[in-house]
Amino acid sequence: MRLSPIGTRMAGMSGLRSIMEDVASTMAGTAEEDWINLGIGNPAAIPEAGAMWRQALSNALAEDFDRVVGRYGPSRGSTVLVDAVVDYFNRVYGWDLTPQHVVIGPGSQMVCFAAAALFVGPGPDGMRRLVMPMVPDYTGYQGLCMHEDGIAGVAPRITLEAEHRFSYSLDLDALARRDDLGMLLISSPGNPTGRAVTRTELDGLITVAEQHDVPLVVDHAYGAPFPRIGEVHVDPVRHRNVINCFSVSKAGLPGERIGFAIGDPDHIGALAAFMSNSVLHAPQLPQAAVAAALRDGGLDRVTREAITPHYRHKRQFMEEVLAEQLPPGLNWRVHSGSGGMFSWIWIDHPWFDDIDMYRRLKEKQVFVVPGRYFFVAAPSTDLPDGHATRCLRLSLSAPEKTIVDGVTRLADTLTDMQTPAMG
């Protein structure tokens, strides 16, 4: 049987997904401890978060099994969680939400997928694209659009900072010049860089969204108010063009797939209808647990006392290990991120290639993520020569010993790659 054009696209494998398949097949049949996996996207197992969710899930199951497990629920989301979200954000941010401003989905990525289905695609005036205002950004966004050539990215401005540091910033002028905007999507803090948008940049993005009459979807999966991985100082903003997406995955509940969006009732109503027509509704048991964690302050407490400090320490530790282990004379820089679960490294040498590095490290039983897959559809001419293939992502979720061993083998690999070029 033949697939439709949309079926062909959605059945395809992105570059990073092929890497993940390679990791899984390579490790199959071997002991996990034989490998050093610094490419992992799972959040760290933080005991305080695990204990809170274990108790919340247990309580939800014990209190009303029939309601949370034994029957279908509303497609917008369970009343108990929708009301808890409304109460929480009205209290914390002084917003004026009603249940019509909220929709619950099986993970924030599914909510973003629904938004792309609603706002992106061919029309009478041409293709309306999902545009990432600044790449590199989350590679999972590559699979959100069902239309060929439906995703584009805007190259960043690059600033060299102190020795071994650099940063990206938004090129709002380049974004505003585009005439194909159907939807804007940005993660903040970002995956892979950990960079959070500033309030000035956020205001600029909102202005562009207003001018083009499109939604700006801001993915707060790593950001405020939870899990607040890192020093995130810009709070979510309420605006008729903004859809704010939140998730509890990085707050210790990745396997249960609960995310939600807050926005204008017209946008949220369309998203709720999409959920009804596709997945019916998100799982009800974790919805009850999330509602309890919002109401009793448990999620805020765990974020403040455990999650934020954990990743702050791991980021500092990773950067210390990189400075100690990477070869002298190597032109390397780490992105100055404010949050997120990863370190983003730029090896600025013509001899460096991210896929070559991936293959060499795999032979040393180390996995990292090549950088090129985070630059989807960004014009290469707008980036420094070879930049997209000279970057890599390292996970902060691994234990400290794993990080040390992995970076040590990375340093040895870089030395091996550099030696022929120097000769």
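Our subject in this report is the structure included herewith. (Residues numbered from 1 in each chain as written. Predicted model: local features only at pLDDT ≥ 70, side-chain atom pairs only at ≥ 80, totals over all residues. Heavy atoms only, no water.)

Notes on the overall build of the chain
A count of helices and strands for the chain gives 13 helices and 16 strands. For a compact globule of 423 residues, the expected C-alpha radius of gyration is about 22 Å, and the chain comes in at 21 Å, within 12% of that figure. Dimensions along the principal axes, computed over C-alpha positions, put the chain at roughly 70 × 50 × 50 Å. Sequence separation of at least 24 residues holds for 76% of the intrachain contacts in the chain that already meet a minimum separation of 6. In the structure as shown, the chain presents an accessible area of about 17,600 Å², 50% of it carried by carbon and sulfur atoms. (Helix = DSSP H or I, 4+ residues; strand = E, 2+ residues; numbered from the N terminus. Rg over C-alpha atoms; globule rule 2.2 N^0.38 Å. Contact = heavy atoms within 4.5 Å. Areas by Shrake-Rupley, 256 points an atom, 1.4 Å probe, with all protein chains shown as cover.)

Topic: the packing of aromatic side chains
Per the stated rule, a full pass over the model turns up 19 aromatic pairs. Pairing Phe89 with Phe260 gives two aromatic rings, centres 6.0 Å apart and planes at 80°, and the pair type is edge-to-face. Linking Phe89 in helix H5 (residues 79–93) with Phe260 in strand S11 (residues 259–262), this pair joins segments that are 171 residues apart in sequence. A relative accessible area of 0% places Phe89 in the buried class. The positively charged end of Arg393 is found above the aromatic ring belonging to Phe342, 3.7 Å away from the centroid. (Phe/Tyr/Trp six-rings, centres within 6.5 Å; stacked < 30°, edge-to-face > 60°. Buried < 20%, exposed > 50% of the residue type's maximum accessible area, 1.4 Å probe, protein only. Lys NZ or Arg CZ within 6 Å of the ring centre and 35° of its normal.)

Observations regarding the side chain of Ser75
With respect to the element layout, Ser75 can be found in the loop between helix H4 (65–68) and H5. Separated by 2.7 Å, the side chain of Ser75 and the backbone oxygen of Leu280 make a polar contact. Here Ser75 is in contact with Val103, Ile104, Ala272, Met275, Ser276, Leu280 and His281, once residues within four sequence places are set aside. (Polar contact = N/O pair within 3.5 Å; in protein donor to acceptor, adjacent residues only side chain to side chain.)

Thoughts on the packing of helix H3 (residues 47–63) against helix H10 (residues 284–295)
The interhelical angle for the contact between H3 and H10, taken along N-to-C directions, is 115°, at an axis separation of 8 Å. Considering the relative orientation of H3 and H10, their crossing is right-handed. Contacts between H3 and H10 involve Met52, Trp53, Ala56, Leu57, Ala60 and Leu61 from the former and Leu285, Pro286, Ala288, Ala289, Val290 and Ala293 from the latter. In terms of residue class, the contact of H3 with H10 is built from 12 nonpolar, no polar and no charged. (Axes fitted to C-alpha atoms, helices over the stretch in contact; angles between N-to-C directions. Left-handed = near helix turned anticlockwise from the far one by under 90°. Nonpolar A, V, L, I, M, F, W, Y, C, P; charged D, E, K, R; others polar.)

Some points on the side chain of His101
Counting through the fold element by element, His101 comes out in the loop between H5 and strand S2 (102–105). Look past the residues within four positions of His101 in its chain and what remains in contact with it is Asp96, Arg238, Ala261, Ile262, Gly263, Pro265 and Ile268.

A short note on the packing of H5 against H10
Where H5 contacts H10, the two axes come as close as 9 Å, and the packing angle between them is 25°. Classified by the interaxial angle, the pair formed by H5 and H10 is roughly parallel. The handedness of the crossing between H5 and H10 comes out as left-handed. Side by side, H5 and H10 meet where Val80, Leu81, Asp83, Ala84, Val85, Asp87, Tyr88 and Arg91 of the first sit next to Gln287, Ala288, Val290, Ala291, Leu294 and Arg295 of the second. For the contact of H5 with H10, the class distribution of residues is 9 nonpolar, 1 polar and 4 charged. (Parallel < 35°, antiparallel > 145°, perpendicular 65-115°, else oblique.)

Here's the deal with H5
Over its 15 residues, H5 runs 21 Å from end to end, which matches the ideal 21 Å to within 8%, given 1.5 Å per residue. Of the positions making up H5, those classed as buried are Leu81, Val82, Ala84, Val85, Val86, Tyr88, Phe89 and Tyr93. Contacts made by the buried residues of H5 are with S2, strand S10 (242–247), S11, H10 and helix H11 (298–325). (Expected span 1.5 Å × (residues − 1).)

Notes on the pairing of strand S7 (residues 165–169)
The pairing of strand S6 (residues 157–160) with S7 spans 4 bridges and is antiparallel. Counted as the bridge partner of Thr159 is Ser167 from S7. Between S6 and S7, which pair antiparallel one after the other, the connecting turn spans 4 residues, and His164 there sits at a positive phi close to 70°. The pairing of S7 with strand S12 (residues 332–335) spans 2 bridges and is classified as parallel. Residue pairing for S12: Arg165 is matched across the bridge by Val334. (Pairing = 2+ DSSP bridges.)

A short note on the sheet that holds strand S15 (residues 369–370)
Adjacent strands of a sheet form backbone hydrogen bonds with each other and so pair up, either parallel or antiparallel. Taking strand neighbours across the sheet as the criterion, the 6 strands line up as S6-S7-S12-S13-S16-S15 in an open arrangement whose pairing is mixed. Edge positions in the sheet fall to S6 and S15, since each has one partner strand and no second. In the packing of H11 onto the sheet, the strands contacted are S7, S12, strand S13 (342–347) and strand S16 (391–395), and the crossing angle to S13 comes to about 25°.

Describing the pairing of S11
Side chains of S11 alternate between two faces, with Gly259 and Ala261 and Phe260 and Ile262 buried alike. In terms of strand pairing, S2 meets S11 through 4 bridges, oriented antiparallel. Counted as the bridge partner of Gly105 is Gly259 from S11.

Some details on the pattern of salt bridges
Counted under the stated rule, the structure contains 19 salt bridges. The closest approach of N and O atoms between Arg240 and Glu210, which form a salt bridge, is 3.2 Å. Linking Arg240 in the loop between strand S9 (216–219) and S10 with Glu210 in helix H8 (residues 199–212), this pair joins segments that are 30 residues apart in sequence. When salt bridges that share partners are traced, they join Arg129, Asp149, Arg178 and Asp180 into one network. (Salt bridge = Lys/Arg side-chain N within 4 Å of Asp/Glu carboxyl O.)

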